[in-house]
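# Structure at a glance
So the chains spell out like this:
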Amino acid sequence: MIEVVRPGPLATVQDLGRPGHAHLGVPSSGAADGQALRLANRLVGNAESEAGIELTLGGAAFHFHRAAWIAGSGAPAPLLVNGRAYGMNAPCPVPPDGLVEVGLPTCGLRTYLAVRGGLDVEPVLGSRSTDLLSGLGPAPLSVGDRLPIGETSGLHDINVDVAPVAQPPDVPVLRILPGPRDDWFVPDAISVLCGQPYEVTPDSNRVGVRLDGPKLLRARDGELGSEGMVTGALQVPPSGLPIIFLTDHPTTGGYPVVAVIRASDVPLAAQLRPGQQLRFAPAT
């Protein structure tokens, strides 16, 4: 059992989500940076799909009632076990009654903590993920919450010392594919989108990253009927300022989507901090 001593600004249980329910209005949800959660799970011998803890800006502490193996990945943050520092992207032993603390990331936004055996909370629609938009899955973690650890017998041996992970760039470049509604904008809209940097606003969350910067002008009046949305879509409301949809995005929307970020760049978008700049570039 893991007991939450301090959850930080936002701590949630996340796995790789509950895809396949969009027709019911249920987002896929799951880890915003799925690549980081997969790595953390591999480092402790789990299947990549096991549930772990997603931390936003760190600041968390957890009491482990029994010995365990953990690994942190994603936004690099100080990781302490009973006050002793350990590295990110590597398996780390926790003794019985151990205290694990995760500090403020040096860059990036979301840090992932995987424990060998995974978190055995009750699944909803096949997933243990917290969905902030629909309210499915476990509630965001609070002081005193207890998280059961899953069975560890039969797992892969821990045979990786450390995984080299590139430091995220100061100004990430997100590659985009135009459309499906780029024809709702003036002909140079994609050039404007890719021509200057945008800045992440404080209104961003797991639903979407709101941006400030050059406005995208429309070539048509009126609004669309609601249509399906995907993770990585760049939806543009009447303000002309795009919103990057992350994993808790609504399944439908009525504002036009000018472009979609390549799936391989969504983890970069998930690590964007308020106040950070980013750029867009056409995918080749």
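We now turn to the structure provided with this report. Since this is a predicted model, take the numbers as computed values, not measurements. (Residues numbered from 1 in each chain as written. Predicted model: local features only at pLDDT ≥ 70, side-chain atom pairs only at ≥ 80, totals over all residues. Heavy atoms only, no water.)

### Observations concerning the overall build of the protein chain
- Counting secondary structure elements, the protein chain contains three helices and 20 strands.
- The C-alpha atoms of the protein chain give a radius of gyration of 20 Å, which matches the 19 Å a tight globule of 284 residues would have.
- The 284 residues of the protein chain split such that 48% are buried.
- Total accessible area on the protein chain stands at roughly 12,300 Å², and carbon and sulfur atoms take up 54% of it.
- The average position of the 20 basic charges and that of the 27 acidic charges among the side chains of the protein chain differ by 2 Å. (Helix = DSSP H or I, 4+ residues; strand = E, 2+ residues; numbered from the N terminus. Rg over C-alpha atoms; globule rule 2.2 N^0.38 Å. Buried < 20%, exposed > 50% of the residue type's maximum accessible area, 1.4 Å probe, protein only. Areas by Shrake-Rupley, 256 points an atom, 1.4 Å probe, with all protein chains shown as cover. Lys, Arg positive; Asp, Glu negative; His and termini not counted. Charge placed at Lys NZ, Arg CZ, Asp CG, Glu CD.)

### What about the pattern of salt bridges?
- Per the counting criterion, the structure on display carries twelve salt bridges.
- Across the pair arginine 6 and glutamate 101 runs a salt bridge whose closest N-O atoms are separated by 3.6 Å. With arginine 6 in strand β1 (residues 2-6) and glutamate 101 in strand β9 (residues 98-102), this pair connects stretches of sequence that are 95 residues apart.
- Owing to a relative accessible area of 37%, arginine 6 belongs among the partly exposed residues under this scheme.
- Between arginine 38 and glutamate 48 there is a salt bridge, with its nearest N and O atoms 3.5 Å apart. One end of the pair, arginine 38, is in helix α1 (residues 34-43); the other, glutamate 48, is in the loop between α1 and β3 (52-56), with ten residues separating them in the sequence.
- Here arginine 38 falls in the partly exposed class, since its relative accessible area comes to 31%.
- Among the ionic contacts, a cluster of salt bridges with common partners joins Glu54, Arg110, Arg206 and Asp248. (Salt bridge = Lys/Arg side-chain N within 4 Å of Asp/Glu carboxyl O.)

### Observations concerning the nonpolar core
- Core analysis: the biggest nonpolar cluster contains 26 residues, and Ile53, Phe62, Phe64 and Ile70 have the highest contact counts within it.
- With three residues, the single largest contributor to this core is strand β4 (residues 60-64).
- Apart from the residues within four sequence positions on either side, phenylalanine 64 is in contact with Met1, Ile2, Ile70, Val94, Pro95, Pro96, Asp97, Gly98, Val100, Val115 and Ile149. (Core = buried A, V, L, I, M, F, W, Y, C linked by side-chain atoms within 4.5 Å. Contact = heavy atoms within 4.5 Å.)

### A few points about the packing of aromatic side chains
- Here the structure, examined in full by the defined rule, presents one aromatic pair.
- Ring centres of tyrosine 198 and phenylalanine 280 lie 5.8 Å apart, and the angle between their planes is 70°; this geometry places the pair in the edge-to-face category. Linking tyrosine 198 in strand β13 (residues 198-200) with phenylalanine 280 in strand β20 (residues 277-282), this pair joins segments that are 82 residues apart in sequence. (Phe/Tyr/Trp six-rings, centres within 6.5 Å; stacked < 30°, edge-to-face > 60°.)

### Brief notes about the environment of serine 49
- Within the secondary structure, serine 49 sits in the loop between α1 and β3.
- Sequence separation between serine 49 and leucine 177 is 128 residues; the distance between their C-alpha atoms is 28 Å.
- Residue contacts for serine 49: discarding those within four places in its chain leaves Asp15, Leu16 and Asn41.

### Quick look at the environment of leucine 216
- Positionally, leucine 216 belongs in the loop between β14 (208-212) and β15 (227-228).
- Discounting residues that sit within four places of it in the chain, leucine 216 has contacts with Phe185, Ala189, Val192, Leu193, Tyr198, Val236, Gly240 and Val258.

### What about the sheet that holds β20?
- Spatially, seven strands are ordered β12-β19-β16-β17-β14-β13-β20 in a closed barrel, and the strand pairing comes out mixed. Taking the axes of each pair of neighbouring strands and ignoring which way they run, one obtains an average angle of 40° across the sheet.
- Bridge analysis of strand β12 (residues 173-178) against β20 gives four bridges, and the strand direction is parallel. For valine 173, the partnering residue across the bridge sits in β20 and is arginine 279. (Pairing = 2+ DSSP bridges. Axes fitted to C-alpha atoms, helices over the stretch in contact; angles between N-to-C directions.)

### Details of the environment of valine 171
- Relative to the assigned elements, valine 171 resides in the loop between β11 (146-147) and β12.
- For valine 171, a relative accessible area of 36% translates into the label partly exposed.
- Taking the C-alpha atoms as reference, valine 171 lies 35 Å from isoleucine 158; in sequence the two are 13 residues apart.
- Residues in contact with valine 171, not counting those within four places in the same chain, are Gln277, Leu278 and Arg279.

### Side note on unusual backbone geometry
- Backbone torsion omega between glycine 179 and proline 180 reads 10°, so that peptide bond is classified as cis.
- Inspection of the secondary structure assignment puts proline 180 in the loop between β12 and α2 (189-195).
- The phi torsion at aspartate 97 lies on the positive side, around 60°, for a residue other than glycine.
- Relative to the elements of secondary structure, aspartate 97 occurs in the loop between β8 (92-94) and β9.
- In this structure aspartate 97 comes out as exposed when scored by relative accessible area, which is 53%.
- The phi dihedral of leucine 125 is positive, around 55°, even though this residue is not glycine.
- The topology assignment puts leucine 125 in the loop between β10 (110-115) and β11.

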